[in-house]
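Topology and contacts: notes
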Amino acid sequence: MKVAELGWVVLVVLLGLVAGVKADIYIVTVEGEPIISYKGGENGFEATAVESDEKLDTTSELVTSYASHLEKKHDMLLGMLFEHGSYKKLYSYKHLINGFSVHLSPEQAETLRRAPGVKSVEKDWKVRRLTTHTPQFLGLPTGVWPTGGGCERAGEDIVIGFVDSGIYPRHPSFAALHTDPYRPVSKYRGKCEIDPDTKREFCNGKIIGAQHFAEAAKAAGAFNPAIDFASPMDGDGHGSHTAAIAAGNNGIPVRVNGHEFGKASGMAPRARIAVYKALYRLFGGFVADVVAAIDQAVHDGVDILSLSVGPNSPPTTTKTTFLNPFDATLLAAVKAGVFVAQAAGNGGPFPKTLVSYSPWITSVAAAIDDRRYKNHLTLGNGKVLAGLGLSPSTHPNQTYTMVAANDVLLDSSVSKYSPSDCQRPEVLNKKLVEGNILLCGYSFNFVVGTASIKKVSETAKSLGAVGFVLAVENVSPGTKFDPVPVGIPGILVTDVSKTMDLIDYYNVSTPRDWTGRVKSFKAIGSIGDGLMPILHKSAPEVALFSARGPNIKDFNFQDADLLKPDILAPGSLIWAAWSPNGTDEPNFVEAMKLVTATPFDYGSGHVDPRAALDPGLIFDAGYQDYLGFLCTTPGINIHEIKKYTNSPCNTTMGRPSNFNTPSITISHLVGSQTVTRTVTNVAKEETYVITARMHPSIAIETRPSAMTLRPGASRKFSVTLTARSVTGSYSFGSITMKGSRGHKVVIPVVAMVHWR
């Protein structure tokens, strides 16, 4: 063997050995306080800790020097343990937790786990992505915006940080308004990346921060720059959508396929947008990237964190839902004065599908508002079939011949392509389709995403059809479908019985020869106008996909004494910005069969912005209360609490059900149990009468029955639940506090009786 050949063999063997060394991403926490809770003690570094709910001044020399000190310690630890080049540090976490993420082998991770000064080493895990009429539906234009200076000023100087899939900055919802320019926000210190393709900044005054986080995604080999974009550019659409819903400009026309559906507005149209991209189209994201994004957002000075993200599954080492790097980071963010809102999850309608567990996070369930888009198909026999279709009508007072896709094939050999889906125009005979209504069948391909209504529309249009019908012959019970905007007349017939009416009429009206081939097409019909919304009085309804409780305290799915979700808010069928790089169509979800919802579906109720401006009473809770909840919850090791929060368990509240939240949950009621709540009056002096109701299986009593509170005063009241009978399921009730000045507070009560 020649030397050159031997060299290649050696190289191939070495490459094989290198390829065989498996590396993973790990999130590591180490001893020592992060900036948020450092109270001094290290030589040369003064305290940086803030009081609960106090903003962190990250520009101070104290903070920057201590941050640099922590990062050097992270690098020193790795450098002492491993050879240079055998690992890659991805991020240093300094502000909210003290630690770092690193890409290394499982053997190296074990070495790191045993090293002095290391508190935890957890393998990274994936996370997933969890309007026009909505402001009116919530009463914002008349009840809320005027108090903040009208829609022109609502949300002024508030900075919302979006940890999502990025933003499409050229959408008009995010445009800088030249007639009323946005002034600088001095408290915000975030930076703006430059688009590597256009060389333009993402920021414009409306968007004041734009950064992306993908080191973990790259290390895992999941990142594809062609579609994921190594910039804050939205490659999915989800991030642009959520940003526009919360803070998009007011009065932006919604135009789809040449039709204007109204004007869209964010809920706080003058709020500023800070983008922290950590989610991507195909794989979702990684906790290491998300934690880095949250850490940076708090450092930059956001007021609110919006998270439409939740874990795919818990890390294998995590024992409790409340303690992991993700939730611990958010607890520190709340301590730093940032309000955190997180989508409850998309795993509904099944129980225990929440991915937002902790009391310091406001978990938001998804509601359908009062707007619906309906359409209809009129057959030649006079029958009118209801359906969905955000589309124009066929020509008024005119009917058209209907042709089924299976009857207009170019030849029988194309049947292997599922031609009834109408996804491939090349397999259908244009001469037979042109000028007619094309009938297509909704198959399993639409469910798994290999077929789409958009493609049906494109097929019909390319063949010269005047419109299309997509008929559902089989569907899972309780499922309905969202309307999809299309540019030509089209309708989705979702009721199987109506589809049978269509098939029966078509078969009777379509003569065939002995081989089954159509002799002539004589079935006729017309498609109605589906562009005008119908406002229903049944809202709010909980969306079928919205995750449900009960909440769980550990990943053995033991129930927690804490109600989740917290609130219900519009989260389905909302017109808002989307990125042209996105590929998603609206999902086919909604509740078809209405059943009575429980607090496990909607928490404490639907969001009411007008009432929130003048609530009368509030249930106040802060960082020490969150610690008390953790320290009181059975099964949580106090050393684990110390590890993640850097705080000892010096406080207790007796039982976790005593946590001061506007709901009461007792997952294991034996005999009698009394819980307490503290309310604070944020209005004028008022007397409240307290009443309670409960399912007959549980007796409920409140003390006192009435109380008077002066402005700013706080008062405790107690609620005693006594088991009467075991039902094997949760029982529901409520406590109503009715004020003499018109304020009204209703809190849900949830409990399950056990004999022991």
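Looking at an unreviewed UniProt entry, one finds the chain named Subtilisin-like protease SBT2.5, with Hibiscus sabdariffa as its source organism. Turning to the chain, the UniProt annotation filed under Sequence similarities (unreviewed entry) states: "Belongs to the peptidase S8 family."

1. Digging into the overall build of the chain
Within the chain one finds 18 helices and 35 strands. Looking at the chain residue by residue over its 756 residues, the buried ones come to 54%. Only carbon and sulfur atoms are counted for the fraction: they give 55% of the accessible area of the chain, which is about 33100 Å².

2. Comments concerning the sheet that holds strand β18 (residues 384–387)
Here seven strands make up an open sheet; going across it, the order is β18-β17-β23-β19-β20-β21-β22 and the pairing mixed. Every interior strand has two partners, whereas the edge strands, β18 and β22 (490–493), have only one. Sheet twist, expressed as the average angle between the axes of neighbouring strands with direction ignored, equals 30 degrees. Examined bridge by bridge, strand β19 (residues 400–404) and strand β23 (residues 524–527) share two bridges and lie antiparallel to one another. Looking at the pairing, tyrosine 400 lines up with glycine 525 of β23. In this fold helix α13 (residues 453–462) packs onto β20 (437–442), β21 (467–472) and β22, with an angle of close to 140 degrees to the strand it touches most, β21.

3. Here we look at the sheet that holds strand β3 (residues 99–104)
The strand order β2-β3-β1-β4 describes an open sheet built from four strands, whose pairing is antiparallel. Either end of the sheet is taken by a strand with one partner, and the two such strands are β2 (88–93) and β4 (118–123). Geometrically, the sheet is characterised by an average inter-axis angle of 20 degrees between neighbouring strands, direction not taken into account. Strand direction decides the pairing type here: strand β1 (residues 24–30) and β4, joined by five bridges, are antiparallel. In the strand pairing of β4, threonine 29 is matched with serine 120. Where helix α9 (residues 287–300) meets the sheet, its contacts fall on β1, β2 and β3, and the angle it forms with β2 comes to roughly 35 degrees. Of the strands in this sheet, β1 and β4 are in contact with helix α18 (residues 638–645), which crosses β4 at around 85 degrees.

Calculation rules
Residue positions are counted from 1 within each chain, in the order its sequence is given. Since the coordinates come from a predicted model, pLDDT governs what is reported: local features require at least 70, and pairs of side-chain atoms require 80 or more to be given and counted, while whole-chain, interface and lining totals use all residues. Heavy atoms throughout the structure, all of them, feed into the side-chain values; hydrogens and water do not. UniProt positions are given in the numbering used here, feature names are shortened, and annotations may be inferred rather than shown by experiment. Runs of H or I in DSSP of at least four residues are treated as helices and runs of E of at least two as strands, each being numbered from the N terminus. Under the scheme applied here, a residue whose accessible area is under 20% of the maximum for its type counts as buried, over 50% as exposed, and between as partly exposed, the area being computed with a 1.4 Å probe on protein chains only. Each accessible area is a Shrake-Rupley estimate made with a 1.4 Å probe; only the visible protein chains count as cover when residues are assessed. If DSSP finds at least two bridges between two strands, the strands pair. Note on method: axes are straight lines fitted to C-alpha atoms, helices fitted across the in-contact stretch only, with angles between N-to-C directions ranging 0 to 180 degrees. Every residue pair with non-hydrogen atoms within 4.5 Å of one another is taken to be in contact.

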